Amino acid sequence: LRDEVERARVLERPAEPPMRAPQLHLLEHWAEHRPELFRKKLRVHPLIFDDILDQISDHPIFQNQSNNKQLPISIQLAIFLNRAGHYGNANSPEDIAQWAGVSVGTVINCTNRVMAAILDQHDKFIYVPPKRSEAMQRARDFAESRSCCSWRGGVFAADGSAIKLFAKPGIYGETFFDRKSNYSLNCQLVIMPHNLMIVDYGLGNPGSVHDAYAFQGTRIAKYHATLIPEGHWVWADTAYPTETWCVVPFKKPKNKGLTWKQKRYNRYV
């Protein structure tokens, strides 16, 4: 409590208020004329920004009865995306506050509000489409058009990716050291190749964890019997288990080679 009070109280009022030069007004110009600069700052295309804004605008977290009105939701979203799209010193509350021309507390509040609003949309966008849905039919048609009729059930694809950490974690730091000599988190993604829609994911494992182990933490691996329709499967590489619902290339046996049929199969996969 003492530390909080010492940080909050004004020990010496400055002679004149600090100068602010916000750059938020540039976003509107960039959205129309320089979308690549807009994307560089917020990490999304202007159309995607507008779509996210439409999805969260009616969330109750942006409504309050206080005399101090919140910033427009579009500005709060811009602050959040700028902070989420950078790391290290570039995403500190102080740096974002200077860029947006607001206080540090406002940056933190905007981050928390937008994060809560986006997470409430989770189940609306992250889900496995039903077998008889239009999305699943398009996925089957896409798989067949890129391969053959027998492979039209391969409507999902899984892989792992490392999310680099800015610095070595203070607790169990060495477990986050991955095979590419970075400190990272393991991220598992399951997508539908025809539209790149993310249907499942797994986060939280340190970077040193093998993809096969991290994959076990996804919902689609735990509940494949109910989530993956019968006759459908997930495409993956050789790091993943070979199952009726998870199809991977043939692995080379120890001290042996693959047959020509296995090599041909792997090439088409």
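Summary of the structure given here. Everything numeric in this text was worked out from a predicted model, so none of it was measured.

### A word on the packing of aromatic side chains
Next, step 1: Within the structure shown, the criterion is met by 9 aromatic pairs.
Next, step 2: Plain terms: the ring middles of tryptophan 233 and tryptophan 235 are 5.5 Å apart, the flat faces sit at 80° to each other, and that makes the pair edge-to-face.
Next, step 3: Three or more aromatic residues joined by ring pairs form one cluster here, namely Trp151, Trp233, Trp235, Phe250 and Tyr265.
Next, step 4: Sitting over the ring of tyrosine 268, arginine 267 keeps its end group 5.5 Å from the ring centre.

### Re the sheet that holds strand S1 (residues 154-164)
Next, step 1: Taken in spatial order, the 5 strands line up as S3-S2-S1-S4-S5 in an open sheet, and their pairing is mixed. The strands lining the two open edges of the sheet, one partner per strand, are strand S3 (197-206) and strand S5 (246-247).
Next, step 2: By the bridge criterion, 3 bridges tie S1 to strand S4 (residues 233-235) in an arrangement that is parallel. Bridge pairing links alanine 157 to tryptophan 235 in S4.
Next, step 3: Along the sheet, helix H9 (residues 134-146) contacts S1 and strand S2 (184-192); its crossing angle with S1, the most-contacted strand, is approximately 90°.

### Description of the nonpolar core
Next, step 1: Counting residues in hydrophobic clusters, the biggest one holds 25 residues, and the most contacted among them are Leu27, Leu42, Phe49 and Leu77.
Next, step 2: Elements that contribute at least two residues to this core include exactly helix H2 (25-33), helix H3 (35-42), helix H4 (46-56), helix H5 (73-84), helix H6 (93-100) and helix H7 (104-119).
Next, step 3: A total of 6 residues in this core trace back to one element, the largest contributor, which is H5.
Next, step 4: Other than its neighbours up to four places away in sequence, leucine 27 contacts Phe38, Lys41, Leu42, Ala78 and Trp99.
Next, step 5: In terms of nonpolar packing, the next biggest core, distinct from the first, is built from 21 residues, Met136, Val155, Ile220 and Val234 among them.

### A few points about the pattern of salt bridges
Next, step 1: Scanning all chains against the criterion turns up 5 salt bridges.
Next, step 2: Between glutamate 134 and arginine 138 there is a salt bridge, with the nearest N and O atoms lying 2.6 Å from each other. One end of the pair, glutamate 134, and the other, arginine 138, are both in helix H9, 4 residues apart, so they sit about a helical turn from each other.
Next, step 3: Taken together, the salt bridges that share partners define one network made up of Asp141, Glu144 and Arg152.

Rules behind the numbers
Residues numbered from 1 in each chain as written. Predicted model: local features only at pLDDT ≥ 70, side-chain atom pairs only at ≥ 80, totals over all residues. Heavy atoms only, no water. Phe/Tyr/Trp six-rings, centres within 6.5 Å; stacked < 30°, edge-to-face > 60°. Lys NZ or Arg CZ within 6 Å of the ring centre and 35° of its normal. Pairing = 2+ DSSP bridges. Helix = DSSP H or I, 4+ residues; strand = E, 2+ residues; numbered from the N terminus. Contact = heavy atoms within 4.5 Å. Axes fitted to C-alpha atoms, helices over the stretch in contact; angles between N-to-C directions. Core = buried A, V, L, I, M, F, W, Y, C linked by side-chain atoms within 4.5 Å. Buried < 20%, exposed > 50% of the residue type's maximum accessible area, 1.4 Å probe, protein only. Salt bridge = Lys/Arg side-chain N within 4 Å of Asp/Glu carboxyl O.

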